[in-house]
Each structure stands twice: as C-alpha cells, then as structure tokens.
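Listed below are the residues making up each chain.
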Amino acid sequence: MSNLNAIKISESVYWVGAIDWNIRYFHGYATLKGTTYNAYLVMADKITLIDGVKKGFECELLERVASVVDPQKIEYIVSNHAEPDHSGGIAKIAEIVKPEKIFASKGGVRALAAYYPELKVEAVADGGELTLGNKTLKFMETKMLHWPDSMFSYLAEEEVLFSQDAFGMHLATSERFDDELPWSLLEEMSTGYYANIITLYSPFVQNLLKKVAASGLTFKVVAPDHGPVWRNMDNFVKMLGFYDKWSARRTDKKAVIVYDSMWHSTEKMARYIEDGLTSQGIKVKSLFMQSSDRSEVAAELLDASALIVGSPTINNELFPSVADVMCYLKGLKFKTPFTAAFGSYGWSGESVKYLTQMLTDMGGELVGSVKALYLPTEEIKKQCFELGCGIGEKINNKN
Ligand code: FEO
C-alpha cells in the first residue's frame with residue numbers, strides 16, 4: 001500500500017501534518033490561500049506525536065506516520081494547543097494508536113477534557129521536562145498565545161521548537177520550509193495571521209519574547225502548527241523582529257480608510273480624505289467593504305498610524321458591513337494612534353456619532369469627523385481634504 005509521505009525536518013523529527021488547500025474561512029478570517037495543520041513525529045525511544053490535525057484529516061496524518069513507522073508504535077501524544085484545528089483529530093488518532101500517555105499543559109488538560117471526555121490526559125508543568133528515552137522534551141507555557149492552554153515544546157537535543165500557533169501562517173503550499181518560499185510571501189501571510197489571530201494578545205507576545213530570550217534556548221528549527229517550518233534562522237530572527245514591532249504597536253506613515261457607501265456619497269468623501277493624506281506623503285490603503293474582507297482590514301491596520309472609518313446612515317444605524325468590521329477590530333483591541341469618522345446621511349444621520357463613539361472607546365486620538373447631507377458639497381469636500389491633511393500632519397509629527 002502506498003502512503004502519503006512524512007517530511008524530515010531534523011535528525012529524528014518528521015512533519016506528518018495535513019494540507020488544507022480548500023479552507024477559505026477560519027473563524028471569521030478569510031483564508032484565501034488555505035492552510036496546513038502541522039503535526040510532528042519524534043522518532044525517539046518513546047515515539048511521540050506532537051499535536052494532531054483538524055477532524056477529517058486524521059487519515060492523512062496516520063498515512064504520513066506510516067511512511068516512517070507503524071502508527072501503533074506511537075507511545076506519547078503531546079498536545080501543545082487544544083483548539084480543534086489541532087486537537088480535532090486526536091480522539092480518533094488515540095483510538096487507533098492507543099498511546100501509553102497523552103500530555104498537555106494544565107489548561108490543555110481542562111480544554112481537552114471538555115472537548116473529548118473519553119481521553120485521559122496528563123498535565124505537564126511550565127518549565128517541566130519529559131524524557132523520551134534518548135531525547136528530552138521541555139515545556140514552556142504560552143498562555144493566551146493563542147488560547148489559555150497553549151504551550152511550546154522544545155526538543156533539546158536537536159534544538160527544535162514546536163511553537164503551535166505562534167510564528168505560523170495560513171498558507172497551503174507544497175513547500176514545507178520557509179527557505180523554499182519568497183520572503184515577501186512569508187511576510188504577507190504572517191502579517192495577516194498575526195493581525196487576525198494574535199493582535200488581541202500582543203502584551204503576551206512582548207512577555208513571551210522576553211521569556212524566550214531569558215531561557216537561553218537556541219533554535220535550529222522552529223516548527224509551528226500552520227504554514228511552513230522555519231529552518232533558515234536568519235528568516236526566523238527577521239520574523240521575531242516583526243513580532244516585536246507588531247506586538248509593541250510600532251506603526252508606519254500609513255493610514256487605513258474603511259468605508260461602505262449606498263449612493264456613492266460616503267465613497268466620494270473617502271476620496272477627498274485620501275487625497276489630503278497623500279498630499280502629506282502618507283501611504284493610504286482604502287478598503288471598500290463591498291469588495292474587502294474584515295480580515296484584510298485587520299492586516300492593513302497592523303502597521304497603520306490612522307484608522308478613518310466612513311459609513312452612511314441606514315435605518316438610523318451604521319451600514320451593516322461597517323458595523324461588522326468595527327465589531328471585529330474592537331474585539332482584536334486595535335488601538336490606532338489617530339482616528340476619524342465620516343459619512344453621508346439623508347435625515348437622521350446617526351452613523352458618524354456612533355463611529356466617533358466607537359473609535360473613542362478603542363483609544364487613540366480622534367482627530368475629527370465630517371458629515372454630508374445627501375451629497376458632499378464643495379465645502380464638505382474641502383473639509384474632507386483638510387481632515388486628511390490634518391491626520392497626515394499628525395502622523396508625520398509622530399513618526
Ligand atoms: Fe491553530 Fe489557535 O489554533
């Protein structure tokens with residue numbers, strides 16, 4: 001019988017995950033290039049599987065394991081993260097493999113018990129070790145990166161870090177390693193992933209970067225649960241720099257305009273604000289919510305110094321697509337240095353009032369707002385241009 005193949009990533013570690021070329025929606029995030037659910041087989045005295053795959057991909061994992069060893073020889077399973085894209089397959093895999101033990105962090109034990117009460121899972125301590133006979137796994141809790149249960153595992157003898165969600169990206173490729181892909185793609189996909197998955201937990205990232213530096217651990221391979229495996233450490237160090245920048249919210253001379261429009265009035269206002277910003281040398285990304293996804297907005301906002309939001313008033317409310325993206329950005333706790341609101345209306349005109357309140361609640365300096373009755377007049381166009389100029393000046397003074 002022929003099997004899907006495992007891919008060797010270090011002397012005794014194999015990638016045995018699954019490639020999901022087709023997923024386009026991942027809990028609210030548009031995954032336009034698919035993803036992978038990475039799992040790793042450690043061929044130590046105690047053969048160990050690190051992480052599972054999403055439910056439905058178990059056979060792919062088991063086939064890849066079988067290309068190296070009989071899956072029933074797996075003695076340990078370590079679950080670094082209980083979210084179902086990594087644990088969904090564990091119950092079925094455990095039923096087939098019948099491992100001697102399954103390990104997770106304390107939080108992982110609680111989460112796995114809730115999802116899969118039939119599994120018996122043993123807790124490992126933060127800083128604890130597990131001997132695999134001739135190899136050793138060390139554990140480091142990484143709470144809230146991405147869930148309370150999350151932890152890193154480190155194969156000391158081969159300097160391999162299994163980093164679960166951290167340093168991953170939603171990218172389905174036939175290439176398994178970072179150095180087989182262009183940096184521009186790695187940066188683009190990591191940006192979207194960080195913005196949509198990790199932004200909320202940025203303070204934890206800052207702490208984690210310090211914790212990892214203080215640990216003195218060195219890495220030859222960093223193996224996340226999504227996307228390519230990092231084996232070019234120059235690339236990985238560069239990505240650590242981006243994690244530091246993103247988590248510290250260091251921003252560039254860039255503004256994001258997010259808007260929707262009923263009869264093109266709010267759209268016209270966006271154009272004049274944009275023109276004011278570019279007149280100050282600011283890079284602008286304008287995102288029309290009928291042709292953009294909320295996850296694209298999050299990705300563009302990650303390094304932006306200004307968030308400017310426009311909505312017409314409809315039924316005394318925000319336009320639904322704008323309400324959607326604002327709810328999403330609020331949840332991710334995006335605090336952008338400068339903000340502004342704009343929008344057209346016919347009679348009641350609540351949208352700008354609601355937007356200014358939301359933007360104020362999110363933090364940052366609310367620079368101003370502009371409303372247009374039905375159509376932007378010459379005076380309103382001027383106000384929009386001047387709002388763009390004013391935000392541009394503030395960005396230039398800050399950066
Ligand atoms: Fe890839 Fe938080 O799961």
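See the structure printed just above.
Residues numbered from 1 in each chain as written. Predicted model: local features only at pLDDT ≥ 70, side-chain atom pairs only at ≥ 80, totals over all residues. Heavy atoms only, no water.

## Concerning the sheet that holds strand β9 (residues 76-79)
The 7 strands are arranged β1-β2-β7-β8-β9-β10-β11 in an open sheet whose pairing can be described as mixed. The sheet is open, and its two borders are formed by β1 (7-10) and β11 (122-123), each paired with just one other strand. Relative to β9, strand β8 (residues 48-50) runs parallel, the two sharing 3 bridges. Along β9, the bridge assignment pairs T48 with Y76. The strands touched by helix α3 (residues 90-97) are β8, β9 and β10 (101-104); relative to β9, the strand with the most contacts, the crossing angle is about 170°. (Pairing = 2+ DSSP bridges. Helix = DSSP H or I, 4+ residues; strand = E, 2+ residues; numbered from the N terminus. Contact = heavy atoms within 4.5 Å. Axes fitted to C-alpha atoms, helices over the stretch in contact; angles between N-to-C directions.)

## Quick notes on the pairing of strand β20 (residues 338-345)
Along β20, 7 of the 8 residues are buried, which leaves the element largely enclosed by surrounding structure. One crossover worth recording links strand β19 (residues 306-310) to the parallel β20 by way of helix α10 (residues 320-331), and it is right-handed. Inspection of the sheet shows β20 paired to strand β21 (residues 365-373) by 8 bridges, in the parallel sense. Considered in β21, the bridge of F338 is made with E365. For the crossover that starts at β20, traverses helix α11 (residues 351-362) and ends in the parallel β21, the hand is right-handed. (Buried < 20%, exposed > 50% of the residue type's maximum accessible area, 1.4 Å probe, protein only. Right-handed = clockwise from strand over helix to strand, strands pointing away.)

## Some words on the packing of helix α5 (residues 183-198) against helix α7 (residues 233-247)
Two elements in contact, α5 and α7, have axes separated by 11 Å at closest approach and are oriented at 35°. Regarding α5 and α7, the two cross each other, and that crossing is right-handed. Across the interface between the two elements, W183, L186, E187, S190, T191, Y193, Y194 and I198 of α5 pack against N235, K238, M239, F242, Y243, W246 and S247 of α7. (Left-handed = near helix turned anticlockwise from the far one by under 90°.)

## Section: helix α4 (residues 106-115)
Those residues of α4 lying buried are G107, G108, A111 and L112. The buried residues of α4 occupy one face: seen down the axis, they fall within an arc of 125°. Among the exposed residues of α4, those pointing more than 90 degrees away from its buried face are K106, R110 and A114. Lining the buried residues of α4 we find β9, α2 (84-87) and β10. (Arc of directions from axis to C-beta.)

## Focus: the pattern of salt bridges
Here the structure, examined in full by the defined rule, presents 19 salt bridges. A salt bridge links E158 to K135; its shortest N-O distance comes to 2.8 Å. Placement of the pair is E158 in the loop between β14 (151-155) and β15 (160-164) and K135 in the loop between β12 (129-131) and β13 (136-141), with a sequence separation of 23 residues. Per residue, the accessibility class of E158 equals that of K135, and both read buried. Residues E274 and R271 are paired through a salt bridge, measuring 3.1 Å at the closest nitrogen-oxygen approach. Here R271 and E274 lie together in helix α8 (residues 265-279), a separation of 3 residues that amounts to about one turn. Classification of R271 as partly exposed rests on a relative accessible area of 33%. Put simply, K46, E75 and E100 are held in one network by salt bridges that share partners. (Salt bridge = Lys/Arg side-chain N within 4 Å of Asp/Glu carboxyl O.)

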